[in-house]
Amino acid sequence: MKQLNRRLGVTLGVLVTLTLSLSACGGDDEPAKSGADPQAVMTEAKQHFDDASSVHFTMATDSEPTSGDAVLGANGTLTHQPAFEGEVKVLLSGFNADVPIIAVDDKVYAKLPLSPAYATIDPGEYGAPDPSDFADPETGLSGLLLQMDDLEETGTVREGKQVLTTYTGTLSGDLVSPIIPSADEDSTYEAVIGIDSDGRIATLKVTGDFFSGSGDVTYNLVFDDYDKNVTISAP
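Reading the values: the criteria
- Residues numbered from 1 in each chain as written.
- Predicted model: local features only at pLDDT ≥ 70, side-chain atom pairs only at ≥ 80, totals over all residues.
- Heavy atoms only, no water.
- Pairing = 2+ DSSP bridges.
- Helix = DSSP H or I, 4+ residues; strand = E, 2+ residues; numbered from the N terminus.
- Axes fitted to C-alpha atoms, helices over the stretch in contact; angles between N-to-C directions.
- Contact = heavy atoms within 4.5 Å.
- Salt bridge = Lys/Arg side-chain N within 4 Å of Asp/Glu carboxyl O.
- Phe/Tyr/Trp six-rings, centres within 6.5 Å; stacked < 30°, edge-to-face > 60°.
- Buried < 20%, exposed > 50% of the residue type's maximum accessible area, 1.4 Å probe, protein only.
- Lys NZ or Arg CZ within 6 Å of the ring centre and 35° of its normal.
- Expected span 1.5 Å × (residues − 1).
- Arc of directions from axis to C-beta.

Visitor: Mind showing me how you'd approach the sheet that holds strand S10 (residues 201–209) here?
Guide: On the basis of which strands lie adjacent, the open sheet formed by 11 strands has the order S6-S5-S4-S3-S2-S1-S11-S10-S9-S8-S7 and antiparallel pairing. Strands at the two margins of the open sheet, each flanked by one partner only, are strand S6 (119–121) and strand S7 (149–159). The mean angle between the axes of side-by-side strands here comes to 25 degrees, regardless of whether they run parallel or antiparallel. Sheet topology note: the strand S5 (residues 107–110)/S6 ladder contains 3 bridges and is antiparallel. Considered in S6, the bridge of Ala110 is made with Ala119. Across the face of the sheet, helix H2 (residues 38–51) comes into contact with strand S1 (54–61), strand S2 (70–79), S7, strand S8 (162–172), strand S9 (188–195), S10 and strand S11 (216–224) while running at roughly 70 degrees to S7.

Set out below in structure tokens:
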């Protein structure tokens, strides 16, 4: 009987230790604290973004116009130099192109289709913004967080290994257009924000009228790799 009790005691000890270990490792599965004041959550998320030395992000939409010029997506790293390095997917006169971009020191360099080297461009001529402006704390990506109307917490959602706390609200078109130039400045856009367990913005979905005659279109933005040691230089 004593041996049985000792074995039971050892087994229970192992189970308790295993449970505690699993709990300690489950950080990515824990959503940000729910029930917090939504505006305070957005303020913290903005601070994390603005304080980060770099943030990697992607932007994409499944809807594509068939004519004109437009930004359809992006994939790259943003720093607070400010600078950007990556690719921007654009529609140029009805044709899609993934254009390598470096934006630094108030200049934008692009390797345009059929061009073997980077050249300085005016992104406005292609219906695109200067992507380094996305780091601007007022008019850039983080600036959207404090300018949402009807902001409220809506629940949680799993994105890969993370469980995000979600918030919804609306953004006026004049706030969205510096990020996505095809946005109608007189329209209102629905926004869904996902905040991770560290209080950082992880996802942003913006839905509304981006392309005339296409109805509602959704742009999905994903943010990750905060605070990597990245230096962006002119080509």
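Visitor: How do you make sense of the pattern of salt bridges when you look at a structure like this?
Guide: Proximity of charged atoms lets side chains of opposite charge pair with each other. Across all of its chains, the model carries 3 salt bridges by this definition. In this structure, the salt-bridge partner of Asp50 is Lys46, at a minimum N-O distance of 2.9 Å. Of this pair, Asp50 and Lys46 both sit in helix H2, 4 residues apart, roughly one helical turn. Overlapping salt bridges, with partners in common, bring together Asp196, Asp198 and Arg200 in one network.

Visitor: Looking at this model, I keep getting lost on the packing of aromatic side chains. Mind explaining?
Guide: How two aromatic rings sit relative to each other is set out by the distance from centre to centre and by the angle between their planes. Following the criterion strictly, the structure yields 8 aromatic pairs and no others. With 6.5 Å between their ring centres and 85 degrees between their planes, Phe49 and Tyr226 make a pair best called edge-to-face. Separated by 177 residues along the polypeptide, Phe49 in helix H2 and Tyr226 in the segment after S11 bring together distant segments of the chain. The pair formed by Phe49 and Tyr226 is uniform in burial state, with each residue classed as buried. Sitting over the face of the ring of Tyr226, Arg200 holds its NZ or CZ atom 4.7 Å from the ring centroid.

Visitor: I keep staring at the environment of Ala45 and nothing clicks. Help me out?
Guide: Relative to the elements of secondary structure, Ala45 occurs in helix H2. Accessibility expressed as a relative area gives 0% for Ala45, which makes it buried. Residues Ala45 and Asp198, 153 residues apart in the sequence, show an inter-C-alpha distance of 8.8 Å. Residues within four places of Ala45 in sequence aside, it is in contact with Leu145, Ile195, Gly199, Arg200 and Ile201.

Visitor: Can you help me understand H2 in this one?
Guide: Since there are 3.6 residues in each turn of an α-helix, residues three or four apart along the chain are aligned in direction. Helix length check: H2, at 14 residues, gives a terminal C-alpha distance of 20 Å against a target of 20 Å (1.5 Å per residue), a fit within 8%. Every buried residue of H2 is listed here: Pro38, Val41, Met42, Ala45, Lys46 and Phe49. Projected down its long axis, H2 carries its buried residues within an arc of 135 degrees, all on one side.

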